[in-house]
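# Structural overview for review
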Amino acid sequence: MPLPPQPRHILSVLDYADDLPQILRRGVELKAERRRGRSPPVLKGKTLALIFEKSSTRTRTSFEVGAHDLGGQSLYLSSKDLQLGRGETIADTARVLSRFVDVIGYRAYRHSDVTELARWASIPVINALDDLEHPCQIAADLLTLHERWGGKFKGRRLAFIGDGNNVLHSLLLGAASVGLDIAAATPRDYGPRPDIVAAARERAKESGSAIDLTDDPKTAAKGADAIYTDVWVSMGEEAEAAQREGAFKGYQVNDALLDLGKPGVFAMHDLPAHRGQEITDAVMDGTRQAIWDQAENRLHAQKALIEWIFRPARATSRR
Ligand code: CP
Ligand code: NVA
C-alpha cells in the first residue's frame, strides 16, 4: 500500500525557501485582496490549532485573523491549559489533535519539541517561534523588503545588529535563499549557531548572497540598505538579563548607526521592542523605519504560508 503523503510542515525557513518568490508574490496579492475585502477560502471548513508555550501579540493575532480571513477557524490552546502541561506527551498530543484539527501552529521553548510534534502529527505543523528559528517572522520581513525594493533583492544589503538567536538564524537562511546580502554584528559569545551559518552559506552558493559576520555594529551597518535588530533578552532568557544587557551595550540601532547606511536606509524590528536597549525611541517613532509595515505583513505572509501548505499549486503556479 502506498504511504500516505507527508504533511507539508514549516519548521524552518528552509522548508519553504525554494518557493519564496511565489510566496512573496502571493503575500503582495493577498494584502491587496484583503484591502478590497476579499481572501481565498483556503481554510474553509478547517481548523487551525495554536499551541503556545510563550506570550505572543503578532504571531497569535496574525494566525487567528489569517485563519478567519481564509474561511477557517482557529483554536488557541495555551500549553498551561492542555494536558501537555501536566505531562501528556507531545507525541500523544500530536496524534489526538491530528484527529480533530487540520493544521497546528506551535510556539515552543525547544526546537526539538516542535520537530517531535511534527514527527507524530499527520497534519501540517507550523513553527510559531522556538529557540532555533522564527520562520513565519522572516516571511513577513522578506515581504516587507520585497515591497520596499520592488521585488529585487540582488545587490541589496541587510545588516543585523544584536543577538545571534532564532530571528537572526531564520534571517540568514531567508536572505541566503533570495540572494540578499546580509551582514550580522553580534557580540562574540552571542553569535549565530555554526550549523545555521553553514546551511545559509550553502544556500548562498546558489543565490550569490554575501554573508558577513562581525562583532562590530558599525562594520555591519556601513552601506546597508536596511538595519534589523531583535531584543537582547529573548523569552525564556530572563535570568540572563543583567549579563546580556552588559554584553549587548553598543549593539543599538540608533540614528548614528542608521547614518552609516545608504541613503534611504531604514530600521527593522520583529517586535516586541525594548525601547532604549536594542533600538531608540527616535528610530521607532521616526520615518527611517519599516517596523509597522513589518508587523502588518505578519498577517499577509501568514496567509501566504497557509495557502502554500493547503494549495501548493496556487502558490507555485507562476514559476
Ligand atoms: N514578532 C513576534 O513574533 O511577535 P509576538 O511575540 O508578539 O508574536
Ligand atoms: N528573539 C525573540 C523574538 C521575539 C519575537 C524571542 O525569542 O523572544
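I will try to describe carefully the structure that is included in this document. This one's a predicted model, so the numbers in the text were calculated from it and none came from an experiment.

A word on the packing of aromatic side chains. Enumeration over the complete set of coordinates arrives at seven aromatic pairs. A centroid spacing of 5.6 Å and a plane angle of 55° characterise the contact between Phe-52 and Tyr-76, whose relative ring orientation is tilted. Of this pair, Phe-52 sits in strand β1 (residues 47-52) while Tyr-76 sits in strand β2 (residues 73-78), placing them 24 residues apart in sequence. Judged by its relative accessible area of 2%, Phe-52 falls in the buried class. Residue Tyr-76 is classed as partly exposed on the basis of its relative accessible area of 30%. With 6.0 Å between their ring centres and 15° between their planes, Trp-232 and Phe-248 make a pair best called stacked. Taken together, the residues Trp-232 in the loop between β8 (226-229) and α9 (241-247) and Phe-248 in the loop between α9 and α10 (255-258) connect sequence positions 16 residues apart.

As a further point, take the environment of Ala-94. Mapped onto the fold, Ala-94 is located in helix α3 (residues 90-100). Distance from Ala-94 to Ala-118, taken between C-alpha atoms, is 7.5 Å for residues 24 residues apart in sequence. In contact with Ala-94, other than residues within four places in its own chain, are Leu-117, Trp-120 and Ala-121.

The next subject is the environment of Leu-305. As for its placement among the helices and strands, Leu-305 is situated in helix α12 (residues 291-310). In this structure Leu-305 comes out as buried when scored by relative accessible area, which is 0%. Look past the residues within four positions of Leu-305 in its chain and what remains in contact with it is Ile-10, Tyr-16, Ile-23, Cys-136 and Ala-139.

Evaluated as defined, the whole model comprises 27 salt bridges. What emerges from the salt-bridge pattern is a single network uniting Arg-26, Glu-29, Glu-33 and Glu-307.

A few words on the sheet that holds strand β4 (residues 125-127). What the four strands build is an open sheet, ordered β2-β1-β3-β4; its pairing is parallel. One side of each edge strand has no neighbouring strand; the edge strands of this open sheet are β2 and β4. Put simply, the sheet's adjacent strands are angled 20° from each other on average, direction ignored. Note: β1 against β2, six bridges, orientation parallel. Looking at β2, one finds that Leu-50 is bridged to Tyr-76. Packed on one face of the sheet, helix α4 (residues 111-120) meets β1, β3 (103-107) and β4 and runs near 165° to β4.

Here we take up the site of ligand 2. Residues in contact with ligand 2, as listed here, are Leu-129, Asn-165, Asn-166, Val-167, Asp-230, Val-231, Ser-234, Met-235, Asp-270 and Leu-271. In this structure, Asn-166 approaches ligand 2 through a side-chain N or O atom, which is 2.9 Å from an oxygen atom. Contact between ligand 2 and Asp-230: a nitrogen atom at 2.7 Å from a side-chain N or O atom of the residue. Protein contact buries 95% of the 270 Å² of open area that ligand 2 shows by itself.

The subject of this paragraph is unusual backbone geometry. Note that the residue after Leu-271, namely Pro-272, is joined by a cis bond; omega there is 5°. On the secondary structure map, Pro-272 appears in the loop between β9 (266-269) and α11 (281-285). One non-glycine residue, Leu-129, lies in positive phi territory at about 115°. For Leu-129, the location among the structural elements is in the loop between β4 and α5 (135-148). Phi at Leu-271 takes a positive value of approximately 70°, unusual for a residue other than glycine. Here Leu-271 shows up in the loop between β9 and α11.

The environment of ligand 1 is formed by Ser-56, Thr-57, Arg-58, Thr-59, Arg-107, His-134, Gln-137, Asp-270, Leu-271 and Arg-298. Across the complex, the protein chains shield 97% of the 250 Å² of accessible surface that ligand 1 would expose by itself.

Going residue by residue along β9, you find Phe-266 and Met-268 tucked away on one face and Ala-267 and His-269 tucked away on the opposite face as well. Two elements, β8 and β9, share four bridges in a ladder whose sense is parallel. Following the sheet pairing, Thr-229 is matched in β9 by His-269.

Conventions and cut-offs
- Residues numbered from 1 in each chain as written.
- Chains lettered and ligands numbered in written order.
- Predicted model: local features only at pLDDT ≥ 70, side-chain atom pairs only at ≥ 80, totals over all residues.
- Heavy atoms only, no water.
- Phe/Tyr/Trp six-rings, centres within 6.5 Å; stacked < 30°, edge-to-face > 60°.
- Helix = DSSP H or I, 4+ residues; strand = E, 2+ residues; numbered from the N terminus.
- Buried < 20%, exposed > 50% of the residue type's maximum accessible area, 1.4 Å probe, protein only.
- Contact = heavy atoms within 4.5 Å.
- Salt bridge = Lys/Arg side-chain N within 4 Å of Asp/Glu carboxyl O.
- Pairing = 2+ DSSP bridges.
- Axes fitted to C-alpha atoms, helices over the stretch in contact; angles between N-to-C directions.
- Near = heavy atom within 4 Å.
- Polar contact = N/O pair within 3.5 Å; in protein donor to acceptor, adjacent residues only side chain to side chain.
- Areas by Shrake-Rupley, 256 points an atom, 1.4 Å probe, with all protein chains shown as cover.

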